[in-house]
Amino acid sequence: MSALEPFGTRLRHAMDERGPLCVGIDPHASLLSAWGLNDDIAGLERFTRTVVDSLAGTVAVFKPQIAFFERFGSRGIAVLEKAVEELRAAGALVVMDAKRGDIGSTMAAYAETFLHKDSPLFSDALTVSPYLGYGSLKPAVDLARENGAGLFVLALTSNPEGAEVQHAVREDGRTVGATVLGHLAAENAGETPLGSFGAVVGATLGDLSSYDLAINGPLLAPGIGAQGATPADLPGVFGAAVGNVVPNVSRGVLRYGPDAAGLREAAERFAAEVREAVAAA
Ligand SMILES: O=C(O)c1cc(=O)[nH]c(=O)n1[C@@H]1O[C@H](COP(=O)(O)O)[C@@H](O)[C@H]1O
């Protein structure tokens, strides 16, 4: 594989060309059932194939949630590997949602799995948790830089339970979430058009003007659709940083399957609504 351009550059181009949307691939048992599929490996395979065949050529970014594949053991991981390869071959970017985080020496092994260019699960970016200390993520930051990949670091998550950790105030008066954002701003300093080290910030969180979201990197925004947020909420949540938002919709798109046209229309509608909301901001 020839050397990749930095993830931030590739992400900016992909969203300019294909529209500002990340479709989550979350094969919930309830979705398999709604699509008329069994909750087994054949059902998982068919579900994943349908999403890839319907959307890989038009959607900018996909975020497979590894938990729904791991549920089926090694055969589930094989389905995921194939999907990652096909999505990337079709020109889409893949953010692996594995939310890894551990002491540095173990983090290095997680990084090898998802961020080394020769790994079968190599992804354009990986979600990671900084709650063993931001510095514990260094092996992933370094390997991502080396391979033109990126990270999305959990900063302010979309679930209400996240606040007890992320809004906690440190001795220096800053919240834990703000501290994570500060580390990412330092990581991305001077990068153009966009740094490769993003934050996860929920679209469900309301006004975040007390946080400095100007990290010069992408802001992955889950929470649209099934969790209640809408594209129209984005400017109110992200303010001046709204242009760097990568909105994720999983169930909100997937519920329109298995019909390929239904999936495509849903993805196009969300991308158009995001574009409209960002342009009006
Ligand atoms: O890192 C994530 O993607 C993530 C962070 C967060 O704060 N909230 C959140 O919902 N997610 C993920 O985003 C997806 C949201 O799915 P839907 O609610 O179906 O759109 C799931 O895969 C979650 O695991």
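Residues numbered from 1 in each chain as written. Predicted model: local features only at pLDDT ≥ 70, side-chain atom pairs only at ≥ 80, totals over all residues. Heavy atoms only, no water.

**Some details on the environment of Q65**
Mapping Q65 onto the fold places it in the loop between β2 (61-64) and α4 (67-70). When its relative accessible area of 15% is taken as the criterion, Q65 is described as buried. Taking the C-alpha atoms as reference points, Q65 and E268, separated by 203 residues in sequence, lie 21 Å from one another. Not counting the four nearest positions on each side in its chain, Q65 is found in contact with I25, D26, D97 and K99. Engagement of the side chain of Q65 in a polar contact is seen with the side chain of D97, the distance being 2.9 Å. (Helix = DSSP H or I, 4+ residues; strand = E, 2+ residues; numbered from the N terminus. Buried < 20%, exposed > 50% of the residue type's maximum accessible area, 1.4 Å probe, protein only. Contact = heavy atoms within 4.5 Å. Polar contact = N/O pair within 3.5 Å; in protein donor to acceptor, adjacent residues only side chain to side chain.)

**Some remarks on the pattern of salt bridges**
Note on pairing: side chains with opposite charge can pair once their charged atoms come close. A complete count under the given rule lists 14 salt bridges for this structure. The salt bridge involving D97 is made with K63; its shortest N-O contact spans 2.7 Å. Taken as a pair, D97 in strand β3 (residues 93-100) and K63 in strand β2 lie far apart in primary sequence, 34 residues in all. On the basis of relative accessibility, which here comes to 3%, the residue D97 falls in the buried class. Taking relative accessible area as the criterion, K63 reaches 5% and is therefore assigned buried. Each member of the salt-bridge network shares a partner with another, and the members are R49, D53, K82 and E86. (Salt bridge = Lys/Arg side-chain N within 4 Å of Asp/Glu carboxyl O.)

**A closer look at the packing of helix α3 (residues 41-55) against helix α5 (residues 73-89)**
One can describe the packing of α3 onto α5 by two numbers: an axis separation of 10 Å at closest approach and a directional angle of 10°. Comparing the axis directions of α3 and α5 gives the class roughly parallel. Contacts from I41, L44, E45, T48, R49 and V52 in α3 reach R75, G76, V79, K82, A83, E86 and L87 in α5. Of the residues that constitute the contact of α3 with α5, the class distribution is six nonpolar, two polar and five charged. (Axes fitted to C-alpha atoms, helices over the stretch in contact; angles between N-to-C directions. Parallel < 35°, antiparallel > 145°, perpendicular 65-115°, else oblique. Nonpolar A, V, L, I, M, F, W, Y, C, P; charged D, E, K, R; others polar.)

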